[in-house]
Amino acid sequence: MRSLLRVLPFALLTLLVACSTAPSPVESASHQAPQRDEQAFEALIQQFSAQVKAQWGEGDYLEAGKHDYVKYIDGFRTRAHINFDEGKIWVSTLAQNQPREKLKQAIVETLLMPADPSSVHMFSDERVELKGKPFLLGQVVDQDNQPIEWAWRANRFAEHLIATELKEESRARGRTYYVEIDMVANHLSQREYQYAPLIRAAAQRYNLPEDLLYAIIKTESSFNPYAVSHAGAYGLMQVIPKTAGADVFRLVKGRNDIPTQAYLFNPANNIDTGAAYFHLLKTRYLREVRHPTTLHYAMISAYNGGTGGVLATFDRDRKRAMRDLNSLQPNQVYWALTNRHPKAEARRYLQKVLAFQQAFNEGQL
């Protein structure tokens, strides 16, 4: 690694690339996005959090994230929380008037939540519209070890849970009633199967390896199509409308608008947009990278930390950075991106994605 240290001007690593490069779909802000979009999203989150905290208090506040589904109904007094990493579901209510009925309603809506989340309003207390194939079908089974697809079975299981598994807890804002549901052991692979045709089609459409898309989705959302982030990223591949979404619409789709939240919550649209952005990284923003393995590493890192972050790892000048990048062996580029990238998250991100790629190819993902 001493040869790498001689090649790289690491004193300049923390400086940003002073040229036009591709924005990150996950983290970076974009000059293309109106400031009012960010302000509107932030205002929505602030209003939502105030309404939730008014019911649950600061200490019990939860909101949806990349690996967590959180949905409130009933004036924000009842909520469902799914942690896709742990494979656990908690349905809770603070309602003191007919709490069991409110809990049953929330359990049924959670079990039958749609596979396409584009019509579900995550940052409101609107009820979940039940239509189409349930997203959790196969990931949760009832007391008879049967999958839950129909309303009658969901209602029966909800009644069973309330009769046998109901717990009560005293909290700062009052008594809470809740049930905890374990997902099946292979819940992750069940979600993977749902999206396998979409991933395969997108990989073929944009000439990308399937294992890359699987690994990105696993890292970004754990195959949670309801995933959201404070950066304003949506869906399985955590696409931000005003950065990656805008680039894909303009440069790939030939459109002048940006994708809506509903568009990106649709799994097919989300996977297509994320894959199309990788196509842009490969054929436009990082097209000068010569070695295919180095290009692979750079694309993954750029998806999280932006092309500018990749180049800043080597030099603040784009031409010199690309020259240094091409002069190194892939293992040296990997070392630099996982040790010297300006963002710690981006350093970890490349490691995670490559580990998930390997696990997928070994049949473990």
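Residues numbered from 1 in each chain as written. Predicted model: local features only at pLDDT ≥ 70, side-chain atom pairs only at ≥ 80, totals over all residues. Heavy atoms only, no water.

1. What about the pattern of salt bridges?
Next up, step 1: According to the stated counting rule, one finds 20 salt bridges in the structure shown.
Next up, step 2: Notably, a salt bridge pairs K66 with E220, separated by 3.1 Å at the nearest N-O pair. Here the residue K66 occupies a position in the loop between α2 (35-56) and β1 (68-73), and E220 occupies one in helix α6 (residues 210-221), the gap between them amounting to 154 residues.
Next up, step 3: Here K88 and D182 are joined by a salt bridge, their closest N and O atoms 2.5 Å apart. Here D182 lies in strand β5 (residues 174-182) and K88 lies in strand β3 (residues 88-93), a separation of 94 residues in the sequence.
Next up, step 4: One continuous salt-bridge network, built from bridges that share partners, spans D142, D144, R153 and R156. (Salt bridge = Lys/Arg side-chain N within 4 Å of Asp/Glu carboxyl O. Helix = DSSP H or I, 4+ residues; strand = E, 2+ residues; numbered from the N terminus.)

2. With respect to the side chain of E109
Next up, step 1: As for its placement among the helices and strands, E109 is situated in helix α3 (residues 99-111).
Next up, step 2: Polar contacts involving the side chain of E109 include one to the side chain of R127, which spans 2.5 Å.
Next up, step 3: Residues contacting E109, with those up to four places away along its chain left out, are I73, R127, V128 and L130. (Polar contact = N/O pair within 3.5 Å; in protein donor to acceptor, adjacent residues only side chain to side chain. Contact = heavy atoms within 4.5 Å.)

3. A word on the pairing of β5
Next up, step 1: Bridge count for β3 against β5 is six bridges, and the pairing is antiparallel. Bridge pairing in β5 links W90 to E180.
Next up, step 2: Both strand β4 (residues 167-171) and β5 contribute to a ladder of five bridges, which runs antiparallel. Of the residues in β5, the one forming a bridge with E168 is Y177.
Next up, step 3: Counting the residues between successive antiparallel strands, the hairpin from β4 to β5 contains two residues. (Pairing = 2+ DSSP bridges.)

4. Concerning helix α9 (residues 267-285)
Next up, step 1: Helix length check: α9, at 19 residues, gives a terminal C-alpha distance of 25 Å against a target of 27 Å (1.5 Å per residue), a fit within 8%.
Next up, step 2: Taking the backbone nitrogen of A268 as reference, a side-chain oxygen 3.1 Å away marks N266 as the first, capping residue of α9. (Expected span 1.5 Å × (residues − 1).)

5. Describing the environment of I271
Next up, step 1: Its place among the elements puts I271 in helix α9.
Next up, step 2: For I271, a relative accessible area of 0% puts it in the buried group.
Next up, step 3: Expressed as a C-alpha distance, the spacing of I271 and P225, which sit 46 residues apart in the sequence, is 10.0 Å.
Next up, step 4: Every residue in contact with I271, bar those within four places of it in the chain, is listed here: Y195, L198, I199, A202, I217, L236 and M237. (Buried < 20%, exposed > 50% of the residue type's maximum accessible area, 1.4 Å probe, protein only.)

6. Focus: the environment of P342
Next up, step 1: You can see P342 is positioned in the loop between α12 (330-339) and α13 (344-361).
Next up, step 2: Taking relative accessible area as the criterion, P342 reaches 35% and is therefore assigned partly exposed.
Next up, step 3: With 32 residues separating them in the primary sequence, P342 and V310 have C-alpha atoms 8.5 Å apart.

7. Observations concerning the nonpolar core
Next up, step 1: Ranked by internal contacts, the top residues of the largest apolar core, which has 98 residues, are Y69, I107, V140, L213, F278, L281 and Y303.
Next up, step 2: For this core, the leading source of residues is helix α10 (residues 292-312), giving nine residues. (Core = buried A, V, L, I, M, F, W, Y, C linked by side-chain atoms within 4.5 Å.)

8. Describing the sheet that holds β1
Next up, step 1: Spatially, five strands are ordered β1-β2-β3-β5-β4 in an open sheet, and the strand pairing comes out antiparallel. The sheet is open, and its two borders are formed by β1 and β4, each paired with just one other strand. Going across the sheet, the axis of each strand differs from the next one's by a mean of 20°, ignoring polarity.
Next up, step 2: Lying over the sheet, α3 contacts β1, β2 (78-83), β3, β4 and β5, oriented at roughly 145° with respect to β3. (Axes fitted to C-alpha atoms, helices over the stretch in contact; angles between N-to-C directions.)

9. Examining the packing of α3 against helix α4 (residues 151-164)
Next up, step 1: Contact geometry of α3 with α4 gives a least axis separation of 9 Å together with a crossing angle of 135°. With respect to each other, α3 and α4 are oriented oblique. As α3 packs across α4, the resulting crossing turns out to be right-handed. Contacts from R100, L103, K104, I107, V108 and L111 of α3 reach α4 at A154, N155, F157, A158, E159, L161 and I162.
Next up, step 2: Its residues assigned to classes, the contact of α3 with α4 shows nine nonpolar, one polar and three charged. (Parallel < 35°, antiparallel > 145°, perpendicular 65-115°, else oblique. Left-handed = near helix turned anticlockwise from the far one by under 90°. Nonpolar A, V, L, I, M, F, W, Y, C, P; charged D, E, K, R; others polar.)

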